[in-house]
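# Survey of secondary and tertiary structure
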Amino acid sequence: MIKRWSAATFILLYHTFSFAQTSRPPATPLVTVDPYTSVWSFGDQLNGSVTKHWTGRPQPMDGLIRVDGKTYRFLGAATPEMKTILPTAKQSEYTAKFTTTKPDPNWWYKEGYNVSTWKQGPAPFGTKERNDNMLKGGTEFPKEIWYRREFTLTAADFEKPTLNIFHDDDVQVYINGVPAFDCAPCYTGDYEFKPISPAAQKALKKGKNLLAAYCKNGAGPGYIDIGLADEIAPKAADAIALADQVGFEMKATQSIYQFKTGPVLLTVRFVAPLLMNDLALLSRPVNYIIYEVKSADGKTHDVSLLQSVSGLWAVNDNGQSITGKEATQDGLTTLSLANQVQNVLARKGDDVRIDWGQAYLSAPVGSVKGSSIGAPLDIVKEFAQKGTLSLDQAGAALADVKSMALILNAGKVGAESKSLHSIVGYDDGFSVQYFSQNLRPWWNKDGNKTIQGELKSAEADFVKIMQACEETDKMIYDDAFKAGGEQYAELCVLAYRQAISAHKLVADPSGTPLFFSKENFSNGSIGTVDVTYPSAPLFLLYNPILLKGMLEPIFYYSESGKWTKPFAAHDVGTYPLANGQTYGEDMPVEESGNMLILTYAICKAEGNVEYAKKHWKVLSTWANYLKKEGFDPANQLCTDDFAGHLARNTNLSIKAIMGLACYAKMADQLGESKEATEVNALTKDFAQKWMQMAADGDHYALTFDKKATWSQKYNLVWDQLLGLNVFPKTVAQKEITYYLTKQQPFGLPLDSRKTYTKSDWIIWTATLADNAKDFNALIQPIYKYATQTPDRIPLSDWHETTNGKSVGFRARSVVGGYWMKVLGEKWTKKM
């Protein structure tokens with residue numbers, strides 16, 4: 001588990017908590033249900049910033065505690081008012097001068113530059129291809145665009161001028177010739193507020209002003225639209241004292257914070273019952289927030305707490321309107337918020353949030369002192385000043401100006417701890433469209449259950465569920481600690497909720513579990529095979545049914561005849577629409593090898609080959625493809641082609657060999673002895689050729705034809721783990737010895753082309769080590785990255801090894817691959 005305490009904690013909390021090493025996650029999961037309901041704290045202090053969806057868009061929760069009439073904030077942050085200075089095209093139409101021909105690089109953004117040859121066009125500016133968040137219309141540009149927008153200000157005495165910008169991809173912004181914002185390589189998935197440089201803030205003036213911008217589109221849709229807003233902080237009269245955060249602990253299913261709030265100690269637990277051995281509980285779309293309060297000075301104090309949830313939880317963006325409801329049923333006071341327009345499963349994509357269904361906030365009637373649906377600032381202000389809630393504004397309003405809130409009453413609090421809790425949840429009704437059929441979530445797969453019933457069960461089973469969470473937390477930490485030590489165990493704890501909640505569990509029409517991943521901040525694909533593959537170790541360990549649920553859509557896609565190519569598909573659509581592959585390029589060797597390896601891994605986990613037997617025909621088709629094309633792969637896409645496509649990729653070749661070796665094992669166990677013998681001989685021959693062709697002195701090369709190169713051969717991990725024994729052990733030993741000479745401060749690069757890496761693959765690579773010293777040497781830089789990265793976002797699996805910065809991706813399920821060492825220890829001991 002991950003713990004962080006202030007020095008004062010030991011005085012304040014006496015001997016309640018034990019010491020552990022100081023560490024911090026890049027972001028902390030608070031409410032994690034699925035890819036849509038996933039709310040995080042993006043900093044060290046729970047009350048230091050607004051809570052956000054994993055995409056980075058605000059999805060506020062507010063938490064306040066009132067002690068003897070004085071109020072403290074422990075959760076979320078006061079939301080500033082964003083007052084428009086210069087509207088975006090989404091707010092108001094405008095035109096600007098632009099060119100797609102490169103202008104003078106030293107003058108184009110300055111006042112007085114001659115733009116007589118530039119064209120005038122309406123905003124926004126975008127490529128022909130655009131995603132769902134991008135406005136249609138405006139002006140098209142092919143690859144690069146430079147534009148200048150003049151505007152007039154009647155005053156320039158702003159509090160904190162900020163960009164309101166949507167850019168895809170790289171961007172440079174200038175205000176009155178002064179650099180204001182520069183970001184490359186990067187993009188936003190929607191309109192976001194971004195800080196501008198102090199010099200550019202000062203450059204704004206009364207009268208005529210100039211905003212100039214350059215945007216370069218690297219791939220996919222391109223887009224640029226920029227406005228300005230003034231960020232106005234809450235004034236002193238509305239300011240609320242901040243609770244003093246004195247402790248933090250993360251467990252697999254829980255994030256736990258401790259605060260000193262005047263004379264009262266407060267512990268807040270965010271609990272996600274993601275228990276993989278119970279599919280009904282795993283899929284139940286509710287989390288708990290638990291509050292424990294006790295006196296710190298031995299005296300009795302009057303205590304109540306406010307918990308609120310923003311309407312932004314139920315919409316994609318703040319331009320959508322919501323309505324609210326309140327009900328008392330089954331001993332619970334329950335509030336809900338929903339988008340006024342319910343377009344079920346209508347929105348797909350990557351950087352998007354759910355905008356159908358209902359968000360819920362509930363608590364036992366006996367602990368509720370007050371409830372309200374209304375403007376978030378008014379809710380907070382009334383509770384802070386009076387300790388009450390009287391607003392009743394359930395009618396339609398924009399999502400960012402409506403919240404639902406409960407007051408939980410602890411009453412008189414002394415030295416004995418008192419516990420209260422609320423339940424937060426989301427009912428999406430239908431979760432995924434699967435080849436044109438809308439599927440309900442697993443918990444309601446038969447359509448005969450209600451969210452009210454799930455809330456009732458969550459409350460009735462509260463004590464039992466908390467006990468199960470504690471047992472799971474201990475199991476996850478202990479298993480990882482025994483396999484790889486403390487730092488490795490903390491990495492697994494950090495990854496647990498992220499890996500699971502990046503999926504949605506549903507049932508296909510026959511009742512078979514389908515466990516769909518979303519390819520977060522990559523391209524939004526659903527059911528991507530090369531996302532399933534790295535995530536597999538976690539699910540192989542604790543419930544292979546879930547891994548089968550990831551593979552089933554790919555099997556069905558081929559077996560139904562909808563996918564006719566002789567290799568496995570890359571995906572089955574764009575989340576949440578699983579109607580067929582939408583990714584523009586195939587990964588023939590990559591995905592076929594993945595499917596063969598994972599199928600045999602499932603058979604090993606289950607102790608029989610029934611799963612392979614069920615899909616043997618299509619497995620044989622994919623194996624036949626690998627026999628012909630797998631050993632020396634052509635110039636084709638694979639999962640690691642961040643630096644460009646590669647022909648003759650040696651690590652991809654290993655994957656094909658491992659896939660065929662797995663196929664041979666399954667064939668043998670199914671009684672296909674002739675096929676097994678032939679494929680075994682082929683894999684042995686491939687392995688000998690591989691060692692000769694990939695040899696590069698003291699290591700093995702990146703490709704068969706490029707010497708003085710190298711790459712992580714993480715696919716080799718299956719050779720020992722699955723008992724394939726195709727390669728001699730000296731291959732892995734040789735590679736590990738070489739890798740230890742290539743380490744950077746934040747990890748081992750993916751290969752010799754670039755210094756960035758993938759943390760999931762490093763842990764697979766480290767598992768090849770035959771001693772703890774070498775394993776830890778490879779793990780320590782990853783731990784350093786996870787706990788010291790400057791990017792305060794949900795864990796990114798793709799980062800730069802020289803400075804610990806995220807290169808791309810976040811909140812992805814692939815961190816399930818962190819459990820490869822645990823899987824290796826458990827499975828190799830059984831052999």
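Since the structure is predicted, the reported quantities are computational estimates derived from the model, not experimental observations.

### With respect to the overall build of the protein chain
A tally of regular secondary structure across the protein chain gives 19 helices and 39 strands. For 831 residues, the compact-globule estimate of 2.2 N^0.38 gives 28 Å, and the protein chain sits close to it at 28 Å. In the protein chain, which comprises 831 residues, the proportion classed as buried is 62%. Put simply, 72% of the contacts in the protein chain that link residues at least 6 apart link residues at least 24 apart.

### A closer look at the state of the cysteines
Throughout the structure, instances matching the rule amount to one disulfide. Linked covalently through their sulfurs, Cys183 and Cys186 form a disulfide whose S-S length is 1.8 Å. A relative accessible area of 23% means that Cys183 is categorised as partly exposed. Cys215 takes part in no disulfide bond, and the closest cysteine sulfur, belonging to Cys186, lies 9.7 Å away. The class for Cys215 is buried, based on a relative accessible area of 1%.

### Quick look at the packing of aromatic side chains
All chains considered together, the criterion is met by 49 aromatic pairs. Between Tyr36 and Trp356, the aromatic rings sit 5.6 Å apart at their centres with planes inclined by 80°, giving edge-to-face as the arrangement. Remark: Trp356 occurs in the loop between strand 26 (332–339) and strand 27 (358–364) and Tyr36 occurs in the loop between strand 2 (28–32) and strand 3 (38–41); sequence separation between them is 320 residues. Taken as a pair, Tyr36 and Trp356 share a single burial class, namely buried. Measuring from ring centre to ring centre gives 5.9 Å for Tyr477 and Phe481, while their planes differ by 20°; the resulting arrangement is stacked. On the criterion of helical spacing, the pair formed by Tyr477 and Phe481 is a turn pair, its members being four residues apart in helix 6 (residues 462–484). According to the relative accessible area criterion, Phe481 is partly exposed, its value standing at 43%. One aromatic cluster is present, built from ring pairs that chain together Tyr434, Phe435, Phe516, Tyr556, Tyr557, Trp563, Phe567 and Tyr625. Above the plane of the ring of Trp442 lies Lys445, whose end atom (NZ or CZ) is 4.4 Å from the centre.

### Concerning helix 8 (residues 529–542)
Over its 14 residues, helix 8 extends 20 Å from the first C-alpha to the last, a length consistent with the 20 Å expected when each residue adds 1.5 Å. At Ser535, helix 8 shows its maximal bend, which comes to roughly 55°, and the proline Pro537 appears one to four places after that position. With 14 of 14 residues buried, helix 8 is to be regarded as a mostly interior element.

### A short note on the environment of Gln433
Within the element layout of this structure, Gln433 appears in strand 32 (residues 432–434). Residues Gln433 and Tyr575, 142 residues apart in the sequence, show an inter-C-alpha distance of 8.8 Å. Leave out the neighbours within four places in its chain, and Gln433 touches Leu345, Asn438, Pro576, Leu577, Ala578 and Asn579. Within polar-contact distance, the side chain of Gln433 engages the side chain of Asn438 at 3.0 Å.

### Structural notes on the sheet that holds strand 3
On the basis of which strands lie adjacent, the open sheet formed by three strands has the order 2-3-4 and antiparallel pairing. Pairing within the sheet leaves two strands with one partner each, and these edge strands are strand 2 and strand 4 (52–53). Inspection of the sheet shows strand 2 paired to strand 3 by four bridges, in the antiparallel sense. Bridging from a neighbouring strand, Pro29 pairs with Trp40 of strand 3.

What counts and how
- Residues numbered from 1 in each chain as written.
- Predicted model: local features only at pLDDT ≥ 70, side-chain atom pairs only at ≥ 80, totals over all residues.
- Heavy atoms only, no water.
- Helix = DSSP H or I, 4+ residues; strand = E, 2+ residues; numbered from the N terminus.
- Rg over C-alpha atoms; globule rule 2.2 N^0.38 Å.
- Buried < 20%, exposed > 50% of the residue type's maximum accessible area, 1.4 Å probe, protein only.
- Contact = heavy atoms within 4.5 Å.
- Disulfide = S-S within 2.5 Å.
- Phe/Tyr/Trp six-rings, centres within 6.5 Å; stacked < 30°, edge-to-face > 60°.
- Lys NZ or Arg CZ within 6 Å of the ring centre and 35° of its normal.
- Expected span 1.5 Å × (residues − 1).
- Bend = angle between axes of the 7 residues up to and from the residue.
- Polar contact = N/O pair within 3.5 Å; in protein donor to acceptor, adjacent residues only side chain to side chain.
- Pairing = 2+ DSSP bridges.

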